[in-house]
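Structural features, examined
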Amino acid sequence: MHDTMTKTEPTDSTNWRAWYWLVLGALAAEVGFFAYLTHFFA
Amino acid sequence: MVLGGTLLFIVGYGTWRTRTAGRTLDGYLLGGRQASWWGIGLSIIATQASAITFLSTPGQAYADGMRFIQFYFGLPVAMVLIAIFAVPIFHRLQVFTAYEYLEGRFDRRTRTLAAVLFLVQRGLSNGLSLYAPALVLSALLGWDISLTVWLIGGLMIAYTVTGGSSAVAVTQQFQVGVIFTGMVVAGYLLVHYLPAGVGFSEAMQVAGHQGKLNLVDFSFDFKDRYNFWSGMTGGLFLALSYFGTDQSQVQRYLAGRSQRESRLGLLMNGLVKVPMQFGILLIGVLLFVFYQFNPAPLTFNRPLLNQVAASPTYAPQLQKLQADQATLSVAQRTATQQLARAYTSHNPEQIAAAQTHRQAVAAAALGLQARAQALFKAAAPTAEAKDTDYVFITFVLHYLPHGLVGLLLAVVLSAAMGSAAGGLNALASTTVVDLYRPAYPRATDSRCVRVSRWATVGWGVLGIGFALFAARLENLIQAVNILGSLFYGAMLGLFMVAFFLPKIQASAAFWATVVAQATVLLLFWQTDIGYLWFNIIGCGLVVGLAWLVQRVVFATSSPRPLSPKE
C-alpha cells in the first residue's frame, strides 16, 4: 500500500476570502442577469 | 485533412511531450505534481466538457430552451466548498486518489467500496463519452458506428497508455482553446446566416416568444429536473460529488504543485463554467431561430430518416410528411420574418398580430412533428427517438464551409478524446492504487506503472463495449448526468461523514453507504423523482444512517483515530 505522507505547504498569503466572494458574487450577478433575460423575453 | 492532421497531432504530440512520464508512478499518474493553477483549471474544464457538451447541449437548448443552465448554478458554490475543505486534506496527505484517504479515516473495506463505486460509474460514463464523437463521424461519413467507436477509442487508448496524466493535461490545454474558438465561430456564423433585417436582438425576441429563453425558474417542483432550486441543491450536490470525490477530477487538482495552485484552478472553473454553458446553450437557441428561417428535416437523426425512407411500407407516408413539412417551412419562415419585422417596428398591435400568426404556425409544426414521431416509432421501434444530439452537427455539415467543418469535427474529436482520456487515466489510477497495490504491497513502482498501462487498456476496451449500447439512450448528456447522480450521492455522503463527523467509525459508514446506494437504485427504478434529487437523497441517507447506526449499533466501541499522521 502507498504510505500516506504529510506535506508541509509553503506560506500562503493569498486572500482566499476575497477569492471565494468573487466566485459567489459572479454567480449572483449571473443569476440576476439570467432572471432579467427570462423576464424581458417572456 | 484538417481532421486527420489534428488526430495525428494529438497522438504524436501527446506521445512525444510526455515520453519520460512513465518512469515513476507519481510521474505517470500525477505528472510529478507540478501543475500550475491555469493548467489545472483548463484540465478541469476539458475533463468535464467532452464532445457530449459540444454536441448535446445545443440540441438540448434547441428543443427545451436554456433552462438547463440552472443545472450549473451549484457548481461555483461547490468549487468554493471543495477549495475550503477538501483540497487542504488531500494535499496534506499527498494521496494518489481520493479513496486512499478513506482507508486512513475508516478502513480498507470502505476505501475499496468507494473505489468500486467510482469504477462502475466512471467506466460506464467513459463509454458514453466515446459514443458522442462516433455519432458525428458516422453521420458525416456514413461509417458504421461500431467501427467508428473502435477507431476513436483505440486512438485514445494508445495516447493515454503512452503518456499517462501528463499527456492528458498537456493536450487538454490546447483542446480548451480550440473548443472556445469553435464556439465563437459557430455563434458568429449562426447570426451571420440569419436573413437580412434579422439581427441578434430580433433573434432573441423570436426565441423568447417561443419560450426558448427560459433561463431561470424560481418555482419549486420536486419532479422538475431543471429549476433554480434543483440547480442550487441537486446541482450543488452533484458538483460537490463530481469535483470532490470523482477521481477523474480529483486527479486533476492533486497534480497541482501546491495547495494554492489547486485551489485557484478550482476557482477558475467556478468563474468560467456558467458563462461557458450559457454560450453553448445560446448556440442552441440561435440554431432554433436559424431553423425558423431555413427548412429543418423531419428528424435530425439522418440514419433513422434513411431507414424509414428505405422501408417499402412507410416510405410513402414519409414522403407525404416531407411534402407537408416543406409547405410548413415556407409558412414558418414568412411568419417568423413578419414577427421579426414587427419587433423592429416596436408597434404593439403589429407585434400582437404577428405573434398570433406565428403561434398558429408553431401549433401546426407541433402537429406535424407528432405525426412524424408516430411514423418513426412504427417504422423503427428500437431506434433512438430523440434527435437533439444531431441538431448542431447537422447544421455544421450542411451550412458551414468545408474548412470549418473539418475544424469543428476536430474540436469535437479532440475534446472527446481529452475528456475520455482523463477518465481512463483516473480509472487506471484507482484500479492500481486502491485495488492492486493493497493486494500486492511489495509491487515495485515500475511494475505499478506497467499495471496502470494495462488497466488503461482494459477500461478503454470496456468503455468501447458500453459505447456500442449508447445509441439507445434518450439524450447523451442527460444519460451521463443521470448515471452520475445515481452513484455520486452515496459517495459524497461517505466523504462528508469522513470529513465532518469524526465520531462515526468504519462499519457504520460502510453499511450506511451500501444501504443508501441500494435505496437510490431502487428509487430510480420504482419512482419518477427528478434525477438531480438523487444526489441529495443518497448523501442524506449515508449521513443519517451512519449517524444512526453508530449511535444504536456501535455506541459502545471507541472511535478510531483519523490517521496515524493526521
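Residues numbered from 1 in each chain as written. Chains lettered and ligands numbered in written order. Predicted model: local features only at pLDDT ≥ 70, side-chain atom pairs only at ≥ 80, totals over all residues. Heavy atoms only, no water.

What to know about the overall build of chain B
Helix and strand counts for chain B come out as 21 helices and zero strands. Against the compact-globule benchmark of 24 Å for 566 residues, chain B has a radius of gyration of 25 Å, which places it among compact chains. Dimensions of chain B along its principal axes, counting C-alpha atoms only, are 75 × 55 × 45 Å. Taking all 566 residues of chain B together, 61% fall into the buried category. Partitioning the contacts of chain B with sequence separation of at least 6, the portion at a separation of at least 24 is 86%. Accessible surface for chain B amounts to roughly 21,000 Å². Of this, 66% is attributable to carbon and sulfur atoms. (Helix = DSSP H or I, 4+ residues; strand = E, 2+ residues; numbered from the N terminus. Rg over C-alpha atoms; globule rule 2.2 N^0.38 Å. Buried < 20%, exposed > 50% of the residue type's maximum accessible area, 1.4 Å probe, protein only. Contact = heavy atoms within 4.5 Å. Areas by Shrake-Rupley, 256 points an atom, 1.4 Å probe, with all protein chains shown as cover.)

Looking at the overall build of chain A
The helix and strand inventory of chain A stands at one helix and zero strands. Looking at the 42 residues of chain A, the share that counts as buried comes to 31%. If you sum the accessible surface of chain A, you get close to 2,900 Å²; carbon and sulfur atoms cover 65% of it.

Focus on the nonpolar core
Residue and element names in this part refer to chain B. In terms of nonpolar packing, the biggest core is built from 172 residues, with Ile-82, Phe-90 and Tyr-253 touching the most fellow members. Every residue in contact with Tyr-253, bar those within four places of it in the chain, is listed here: Ile-40, Ile-44, Ile-82, Val-87, Phe-90, His-91, Phe-243, Gly-244, Ser-262 and Leu-266. Grouped together as the second largest cluster of nonpolar side chains are 15 residues, Leu-318, Leu-321, Leu-328 and Ala-365 included. (Core = buried A, V, L, I, M, F, W, Y, C linked by side-chain atoms within 4.5 Å.)

Brief notes about helix H17 (residues 402–439) of chain B
Residues and elements named next belong to chain B. Compared with the 56 Å implied by 1.5 Å per residue over 38 residues, the 54 Å span of H17 between its first and last C-alpha is a close match. At Val-432, H17 shows its maximal kink, close to 30 degrees. The buried count for H17 comes to 32 of 38 residues, which makes it a mostly enclosed element. (Expected span 1.5 Å × (residues − 1). Bend = angle between axes of the 7 residues up to and from the residue.)

Some details on the pattern of salt bridges
All names here are of chain B. On inspection of all chains with the given rule, the structure shows nine salt bridges over all chains. Asp-246 is the salt-bridge partner of Arg-122, the closest N and O atoms lying 2.9 Å from each other. Placement of the pair is Arg-122 in helix H7 (residues 108–141) and Asp-246 in the loop between helix H10 (228–245) and helix H11 (247–254), with a sequence separation of 124 residues. You'll find Arg-122 and Asp-246 in the same group, each marked buried. (Salt bridge = Lys/Arg side-chain N within 4 Å of Asp/Glu carboxyl O.)

So, the interface of chain B and chain A
The interface is formed by 42 residues belonging to chain B together with 25 residues belonging to chain A. Taking both sides of the interface into account, the surface hidden between chain B and chain A amounts to around 3,200 Å²; carbon and sulfur atoms contribute 70%. At the surface where chain B touches chain A, the tally comes to four residue pairs in polar contact (both at pLDDT 80 or more). When residues of the side of chain B that touches chain A are traced back to their parent elements, those giving at least two are helix H5 (74–93), helix H6 (98–105), H7, helix H9 (200–209), H10 and helix H12 (259–293) of chain B. The dominant element in the side of chain B that touches chain A, judged by the number of residues it contributes, is H12(B), at 10 residues. Counted by class, the side of chain B that touches chain A contains 23 nonpolar, nine polar and 10 charged residues. (Buried area = accessible area lost by both parts, 1.4 Å probe. Polar contact = N/O pair within 3.5 Å; in protein donor to acceptor, adjacent residues only side chain to side chain. Nonpolar A, V, L, I, M, F, W, Y, C, P; charged D, E, K, R; others polar.)

Here we look at a nonpolar patch on the surface
A contiguous nonpolar patch, built from B:Trp150, B:Val461, B:Leu468 and B:Phe469 and spanning about 390 Å² of accessible area, is present on the exposed surface. With respect to the helices and strands, B:Val461 occurs in helix H18 (residues 445–467). (Patch = residues over 30% accessible without salt bridge, like charges linked within 9 Å, V, L, I, M, F, W, Y side chains within 5 Å.)

Concerning the packing of helix H4 (residues 51–64) of chain B against H12(B)
All names here are of chain B. Close contact between H4 and H12 brings their axes to 7 Å; oriented N to C, the two are set at 55 degrees. It follows that H4 is oblique to H12 by the angle criterion. Pair H4 / H12 crosses with right-handed handedness. The segment H4 lies against H12, with Thr-53, Thr-57, Pro-58, Ala-61 and Tyr-62 engaging Gln-277, Ile-280, Leu-281, Ile-283, Gly-284, Val-285, Leu-287, Phe-288 and Tyr-291. A breakdown of the residues in the contact of H4 with H12 according to their chemical character gives 10 nonpolar, four polar and no charged. (Axes fitted to C-alpha atoms, helices over the stretch in contact; angles between N-to-C directions. Parallel < 35°, antiparallel > 145°, perpendicular 65-115°, else oblique. Left-handed = near helix turned anticlockwise from the far one by under 90°.)

A few points about the packing of aromatic side chains
Within this structure, the stated rule accounts for 40 aromatic pairs over all chains. Taking the centre distance of 4.9 Å and the plane angle of 85 degrees together, the rings of B:Phe228 and B:Trp229 count as edge-to-face. By relative accessible area, B:Phe228 is classed as buried at 13%. With a centroid separation of 6.1 Å and 45 degrees between ring planes, the pair formed by B:Tyr242 and B:Tyr488 is classed as tilted. You can see B:Tyr242 sitting in helix H10 and its partner B:Tyr488 sitting in helix H19 (residues 476–500), a full 246 residues away along the chain. Of the two residues examined, B:Tyr242 and B:Tyr488, each falls in the buried class. Chaining the aromatic ring pairs together yields one cluster made of B:Tyr62, B:Tyr193, B:Phe288, B:Phe290, B:Tyr291, B:Phe300, B:Phe395 and B:Tyr399. The ring of B:Phe288 has B:Lys212 lying over it, and the distance from NZ or CZ to the ring centre is 4.6 Å. Looking at B:Arg263, its charged tip hangs above the ring of A:Trp16, at a distance of 5.0 Å from the centre. (Phe/Tyr/Trp six-rings, centres within 6.5 Å; stacked < 30°, edge-to-face > 60°. Lys NZ or Arg CZ within 6 Å of the ring centre and 35° of its normal.)

Topic: the packing of helix H3 (residues 37–48) of chain B against H11(B)
Residues and elements named next belong to chain B. Relative to each other, H3 and H11 sit at 165 degrees, their axes nearing to 9 Å. Between H3 and H11, the crossing angle belongs to the class labelled roughly antiparallel. Crossing of H3 over H11 shows right-handed handedness. Taking contact as the criterion, the partners of Ile-40, Ser-43, Ile-44, Thr-47 and Gln-48 in H3 are, on H11, Ser-248, Gln-249, Arg-252 and Tyr-253. Grouping the amino acids of the contact of H3 with H11 by side-chain chemistry returns three nonpolar, five polar and one charged.

Points about unusual backbone geometry
All names here are of chain B. Unlike most non-glycine residues, Gln-94 shows phi in positive territory, near 55 degrees. For Gln-94, the location among the structural elements is in the loop between H5 and H6. Not every positive phi belongs to a glycine, and His-346 is a case in point at roughly 60 degrees. Judged by relative accessible area, which is 65%, His-346 ranks as exposed.

Focus on the confidence of the model for chain B
Close inspection of predicted coordinates is inappropriate for parts of the model with low pLDDT. Residues and elements named next belong to chain B. For chain B, the mean per-residue pLDDT works out to 85, and 92% of the residues sit at or above 70. At the level of individual helices and strands, chain B shows its lowest average pLDDT in helix H1 (residues 2–17), which scores 71, and its highest in H12, which scores 95. Note that pLDDT drops below 50 for residues 561–566; the model gives that stretch 10 contacts with residues more than four away or on any other chain. (pLDDT = per-residue confidence, 0-100.)

Here we look at helix H8 (residues 145–192) of chain B
In this model H8(B) runs just 33 Å from its N-terminal to its C-terminal C-alpha over 48 residues, more than 12% under the 70 Å that 1.5 Å per residue would give. Helix geometry: H8(B) is bent most strongly at B:Gly164, by close to 115 degrees.

Comments concerning the environment of B:Leu194
Residues and elements named next belong to chain B. Position of Leu-194 among the secondary structure elements: in the loop between H8 and H9. Since its relative accessible area comes to 8%, Leu-194 is described here as buried. Leaving out residues up to four positions away in the same chain, Leu-194 has contacts with Gly-199, Ala-203, Val-289, Phe-290 and Phe-293.

Topic: the environment of B:Trp511
As for its placement among the helices and strands, B:Trp511 is situated in helix H20 (residues 506–526). Distance in space between the C-alpha atoms of B:Trp511 and B:Ile152 is 40 Å, their sequence separation being 359 residues.

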